[in-house]
Structure formats: structure tokens, C-alpha cells
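Listed here are the chains, written in short residue letters.
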Amino acid sequence: MPYTQIINRAHPSAFVFVIDQSGSMSEQWGSSGMTKAEQVATIINRQLTNLSIRCTKGEGVRDYFDIAVIGYGRGVQPVLGGTLANRDLIPVSDIAQYPLRVEDRTKKIDDGAGGLIEQKVRFPVWMDPQAAGGTPMCAALEYARTILEPWIDQHPDSHPPIILHITDGESTDGDPVQPAQTLKNLHTNDGNVLVFNAHISASGGIAVEFPDSDAALSDVYSRTLFEMSSVLPHGILVAANHAGHQLGDGARGFVYNADSANLINFLDIGTSPAAAMEADR
């Protein structure tokens, strides 16, 4: 059964976040008053914090993962800032050590009496929002392939990498199904690379989360993203069901018409192998 390799420092894995930063990401998303680009940047920064914490042991951050954050709009490029600028796959220890900055933000927490109070928190920021240009999705997926092929050659026995792609629109540089399939054909000895896709929308409506068929998808675009997406391996399927879903075999790593809560859930489930790391010495 594939996808059983324990993740540890001898056998790290990799996450590649591929983020649509086209001009349409400047649209307001939901009721927060923030744009899609601003909310996605916040959510990705949150995810990088969580992954860093998961890899933190007594003596520091252990390199259980390499992480890339790739944006596409006006071209395709790594989008982390500061010391990490222009780097592709980065050890998680470097991610933890070199945020672009740390901001003071507020969040609402339970006051213990049925109400909410605001609390100041320190929030590391690795990437800032961007929204310009077209949607060169094919080029972005091809870029992901070029950085993963040498990584796989160096880690043939590791849990395979996971691509987490976030977009709000259709590809403007061709049909993305083939480059997505090329990525899914890459493999370690533990299984094929996993490609997950999240479509975010400002139009409202009901989200379709982790479907096992395209029957509930109403247009060619949504069915294309479904086709691009990998079937959830058993371990991730279990994590999704523990998170409140009721999924069966065949469910895919795909969310359509997502709001911010759906996107956070999508990323938490997509990175759930991070919760199954071996506490190596």
C-alpha cells in the first residue's frame, strides 16, 4: 500500500504551494473587507506557522519537510520575501528562522463566559499579497515539476511531495490537465506526487468539498480542476473524516467555490501528513 513511509529527517517530504496571483485576486472575498490576495496570503502565512510548530522539538525545528511557495500572475516565481527570496524548496527550519517580518495582530478568543475578547498575537509573515497579470497556470505547474524532479531523485524513498494549488480563475496559457497529469506521474518508491486544487470564489454559493465524481460540478472549468486532482490516499482520507467530512474511497483533493474557512480546511487536510511524523532522535 503506498503512502506509508514515515516522515522523519532521514526521509523528509515536501509541500509545494502554488498560488494564483492574477489581477482578479484583487477582488473582495467574503465579508471581511479583504481581497482574495490578502486573505490567501494570511492563510498561507498561518499554514507556514503551523508547519514550523509541528516540526519544533526541544532543540529546535527539525527538517521533516522542504517547502516551496510559488506564485503566478505576471510570470511564475517563488514569492517568499526577505532572506528566503528567490528560493524554491526550502527546509522548514529556514522557513521558521527567516520570516519577512513579525506583525502584531488581534484575534478573538473565548472569554470563558460565553463571549469573545480580542487578544494581541505575534503573527509571522513570509509572503505579501500580490494581484496582477494573467493566469499562467500551465507554466506554474511546469515550474513545480522542474523543482520536484531533482528533489525526488535525492529522496527516492520518501513520502511523495504534495502540491497545494489555489486559484480563482481559468488558465490563460492552455489546458492545465496535461501538466497536472505530468506532476501526478512523478513518484517516489512510496507513491505518486499528489496534486490538490482549491478554487476560491467571490460569488458565494455552496462549496463542493472533496468530491468523488464530477456529477455535482456544473461547468467545464470545475470538471477540469476535478480531473487535475489526485484521489486522497487512505491516511489523508482518514484525516478528512476526523475533521468532520464523510468521505469514501475515490474522494479527490479538490474544493470548488471555497470561502476562507473552506480553504483553511483544505490546506489543513492537504498537509495532514505533517501530523504523522516519526519522533526520530
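That block above? That's the structure.
Anyway, here's the lowdown on the structure attached to this text. (Residues numbered from 1 in each chain as written. Predicted model: local features only at pLDDT ≥ 70, side-chain atom pairs only at ≥ 80, totals over all residues. Heavy atoms only, no water.)

What about helix H7 (residues 260–270)?
One turn of an α-helix holds 3.6 residues; hence residues three or four places apart share an orientation. Every buried residue of H7 is listed here: Asn-262, Leu-263, Asn-265, Phe-266, Leu-267, Ile-269 and Gly-270. One side-chain oxygen at the N-terminal end of H7 lies 3.1 Å from the backbone nitrogen of Ala-261; it belongs to Asp-259. (Buried < 20%, exposed > 50% of the residue type's maximum accessible area, 1.4 Å probe, protein only. Helix = DSSP H or I, 4+ residues; strand = E, 2+ residues; numbered from the N terminus. Polar contact = N/O pair within 3.5 Å; in protein donor to acceptor, adjacent residues only side chain to side chain.)

A closer look at the packing of aromatic side chains
Taken as a whole, this structure holds 6 aromatic pairs when the rule is applied. A centroid spacing of 6.3 Å and a plane angle of 65° characterise the contact between Tyr-221 and Tyr-256, whose relative ring orientation is edge-to-face. Taken together, the residues Tyr-221 in helix H5 (residues 220–228) and Tyr-256 in strand E14 (residues 254–258) connect sequence positions 35 residues apart. An aromatic cluster is present here, built from Tyr-221, Phe-226, Phe-254 and Tyr-256 joined pairwise through their rings. (Phe/Tyr/Trp six-rings, centres within 6.5 Å; stacked < 30°, edge-to-face > 60°.)

Brief notes about the nonpolar core
With 47 residues, the main nonpolar core has Phe-17, Ile-44, Val-69 and Leu-263 as its most contacted residues. Per element, the largest residue contribution to this core is 7 residues, and it comes from helix H1 (residues 36–54). Sequence-distant contacts of Leu-263, that is, excluding residues within four places in its chain, are made with Trp-29, Val-40, Ile-43, Ile-166, Ala-198, Ile-200 and Ala-258. Counting residues in each nonpolar core, the second largest holds 31 residues, with Ala-140, Ala-144, Val-208 and Tyr-256 among its members. (Core = buried A, V, L, I, M, F, W, Y, C linked by side-chain atoms within 4.5 Å. Contact = heavy atoms within 4.5 Å.)

Focus: empty space enclosed by the protein
For the coordinates displayed, the defined rule picks out 1 cavity of 30 Å³ or more. Its boundaries defined by the atoms lining it, the largest cavity holds a volume of some 40 Å³. Residue lining of the largest cavity: Ile-19, Asp-20, Gln-21, Met-25, Ala-37, Val-40, Met-127, Pro-129 and Gln-130, and that is the complete set. Counting residues per element, the ones that place at least two in the lining of the largest cavity are strand E1 (13–20) and H1. (1 Å grid on protein atoms, 1.4 Å probe; cavity = no way out; pocket = protein on both sides within 12 Å on 5 of 7 lines; lining within 4 Å. Points joined across faces, edges and corners; volume = space filled by probe spheres on them.)

So, the packing of H1 against H7
Their axes nearest at 11 Å, the elements H1 and H7 cross at an angle of 30°. As summarised for this structure, H1 and H7 are arranged roughly parallel, according to the angle between their axes. Here the hand of the crossing between H1 and H7 comes out right-handed. Packed against H1, whose contacting residues are Gln-39, Val-40, Ile-43, Ile-44, Arg-46 and Gln-47, the element H7 presents Ser-260, Leu-263, Ile-264, Leu-267 and Asp-268 at the interface. Looking at the contact of H1 with H7 residue by residue, the classes come out as 6 nonpolar, 3 polar and 2 charged. (Axes fitted to C-alpha atoms, helices over the stretch in contact; angles between N-to-C directions. Parallel < 35°, antiparallel > 145°, perpendicular 65-115°, else oblique. Left-handed = near helix turned anticlockwise from the far one by under 90°. Nonpolar A, V, L, I, M, F, W, Y, C, P; charged D, E, K, R; others polar.)

Some points on the pattern of salt bridges
Evaluation of the coordinates by the stated rule reveals 11 salt bridges. With its nearest N and O atoms 2.8 Å apart, the salt bridge here joins Glu-103 to Arg-101. Glu-103 gets classed as partly exposed once you look at its relative accessible area, which sits at 22%. Since its relative accessible area comes to 32%, Arg-101 is described here as partly exposed. One salt bridge in this structure joins Asp-104 and Arg-122, with 2.9 Å as the shortest N-O distance. One end of the pair, Asp-104, is in strand E7 (residues 101–110); the other, Arg-122, is in strand E8 (residues 116–125), and 18 residues separate them in sequence. (Salt bridge = Lys/Arg side-chain N within 4 Å of Asp/Glu carboxyl O.)

Considerations on the packing of helix H3 (residues 137–154) against helix H4 (residues 177–185)
One can describe the packing of H3 onto H4 by two numbers: an axis separation of 8 Å at closest approach and a directional angle of 15°. As summarised for this structure, H3 and H4 are arranged roughly parallel, according to the angle between their axes. As H3 runs across H4, the sense of the crossing is left-handed. From H3, Cys-138, Leu-141, Ala-144, Arg-145 and Leu-148 reach across to H4, where they touch Pro-179, Ala-180, Thr-182 and Leu-183. Along the lines of polarity and charge, the residues of the contact of H3 with H4 split into 7 nonpolar, 1 polar and 1 charged.

Details of unusual backbone geometry
Positive phi, close to 65°, is recorded for Tyr-3, a residue that is not glycine. Within the element layout of this structure, Tyr-3 appears in the segment before E1. Among the residues examined, Tyr-3 registers a relative accessible area of 22% and is labelled partly exposed. Notably, Phe-210 is not glycine yet its phi reads approximately 50°, a positive angle. Structurally, the position occupied by Phe-210 is in the loop between strand E13 (208–209) and H5.

Quick word on the pairing of E1
Counting buried positions over the 8 residues of E1 gives 8, a clear majority of the element. Here E1 runs beside strand E4 (residues 65–73); their pairing, made up of 8 bridges, is parallel. Of the residues in E4, the one forming a bridge with Val-16 is Ala-68. Bridge count for E1 against strand E9 (residues 162–167) is 5 bridges, and the pairing is parallel. Residue pairing for E9: Phe-17 is matched across the bridge by Leu-164. (Pairing = 2+ DSSP bridges.)

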